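# Examining the three-dimensional arrangement
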Amino acid sequence: QKALEDHNHESSEFTPWVFSTDRLWGASKARSVTVPSTRDSYSAVWEYEDGRYRRLYDGEPYETRTGGRLSADTILVQQRRAVVLDNEGRISIKGTSGSAWMFRDGKAVEGTWKKSADRTIFETEKGEPFEIKPGTIWVHWTANGLQPSY
């Protein structure tokens, strides 16, 4: 609160994400996840192994500059309106709500996302907050009309 006052910002209600290691009951199996960005563009591929999702690039492990594997404990996917701006394929991503998916522990949960004043809110189809696994979170977007396959 003090930081907001010091920077002349109005106070707002902060809605934190919910973190949990509880089992995802009734969730679909999702050991391999492919997230398309646009119809004619790149897709991100993740494989679940050893308790984490590991990123692949052209079917091979995606490594960081330091040689580590790119991985995440939770993957969140937002479906958004994408507008191609020019012949180079630059994209403007629009929208304040849409469909969403959460992948964790080799499982998938479908729901929605919406942008609030202070954060993006992810909810299940029943309106309950996504229970995100503590650790590394990777957020993807995919264009309207597309969705992850798993």
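Since the structure is predicted, the reported quantities are computational estimates derived from the model, not experimental observations.

Rules behind the numbers
- Residues numbered from 1 in each chain as written.
- Predicted model: local features only at pLDDT ≥ 70, side-chain atom pairs only at ≥ 80, totals over all residues.
- Heavy atoms only, no water.
- Helix = DSSP H or I, 4+ residues; strand = E, 2+ residues; numbered from the N terminus.
- Buried < 20%, exposed > 50% of the residue type's maximum accessible area, 1.4 Å probe, protein only.
- Contact = heavy atoms within 4.5 Å.
- Areas by Shrake-Rupley, 256 points an atom, 1.4 Å probe, with all protein chains shown as cover.
- Lys, Arg positive; Asp, Glu negative; His and termini not counted.
- Charge placed at Lys NZ, Arg CZ, Asp CG, Glu CD.
- Core = buried A, V, L, I, M, F, W, Y, C linked by side-chain atoms within 4.5 Å.
- Salt bridge = Lys/Arg side-chain N within 4 Å of Asp/Glu carboxyl O.
- Polar contact = N/O pair within 3.5 Å; in protein donor to acceptor, adjacent residues only side chain to side chain.
- Patch = residues over 30% accessible without salt bridge, like charges linked within 9 Å, V, L, I, M, F, W, Y side chains within 5 Å.

## Quick look at the overall build of the protein chain
Tallying secondary structure elements over the protein chain gives one helix and 14 strands in all. Considering only C-alpha atoms, the protein chain reaches an extent of 50 × 45 × 35 Å along its principal axes. Expressed as a percentage of its 150 residues, the buried residues of the protein chain come to 33%. Counted over contacts in the protein chain with a minimum sequence separation of 6, partners at least 24 positions apart contribute 58%. Of the roughly 9,500 Å² of accessible surface on the protein chain, 45% is carried by carbon and sulfur atoms. Put simply, the protein chain has 21 plus and 22 minus side-chain charges, and the middle of one group is 2 Å from the middle of the other.

## What to know about the nonpolar core
Membership of the largest hydrophobic core comes to 13 residues, with the highest contact counts inside it found for Ala-30, Val-33, Trp-46, Tyr-53, Ile-75, Val-77 and Phe-103. Of all the secondary structure elements, the ones that give two or more residues to this core are strand S3 (32-36), strand S4 (43-49), strand S8 (74-84) and strand S10 (97-104). Considering each element in turn, this core owes the most residues, three residues, to S4.

## Remarks on the pattern of salt bridges
This model, assessed by the stated rule, comprises five salt bridges. As a salt-bridge pair, Glu-49 and Arg-69 come within 3.6 Å of each other at their nearest N and O atoms. Taken together, the residues Glu-49 in strand S4 and Arg-69 in the loop between strand S6 (60-61) and strand S7 (71-72) connect sequence positions 20 residues apart. Residues joined in a network through salt bridges with shared partners are Arg-104, Asp-105 and Lys-133.

## Let's talk about the environment of Ser-28
On the secondary structure map, Ser-28 appears in strand S2 (residues 28-29). Assessed through its relative accessible area of 36%, Ser-28 is described here as partly exposed. Excluding anything up to four places from it in sequence, Ser-28 contacts Gly-106, Lys-107, Ala-108 and Tyr-150.

## Description of unusual backbone geometry
One non-glycine residue, Asp-50, adopts positive backbone phi at about 55°. Classification of Asp-50 by relative accessible area gives exposed; the value is 71%.

## Focus: the side chain of Ser-71
Tracing the backbone shows Ser-71 in strand S7. For Ser-71, the side chain forms a polar contact with the side chain of Arg-52, separated by 2.6 Å. Excluding residues within four positions of it along the chain, Ser-71 makes contact with Trp-46, Arg-52, Tyr-53, Arg-54 and Thr-136.

## Remarks on a nonpolar patch on the surface
There is a patch of nonpolar side chains on the surface, built from Tyr-42, Tyr-57 and Tyr-62 and spanning about 290 Å² of accessible area. Within the secondary structure layout, Tyr-62 lies in the loop between S6 and S7.

## Topic: the side chain of Thr-124
Position of Thr-124 relative to the elements: it lies in strand S12 (residues 120-124). For Thr-124, a relative accessible area of 16% corresponds to the buried category. Excluding residues within four positions of it along the chain, Thr-124 makes contact with Val-109, Glu-110, Gly-111, Pro-129 and Phe-130.

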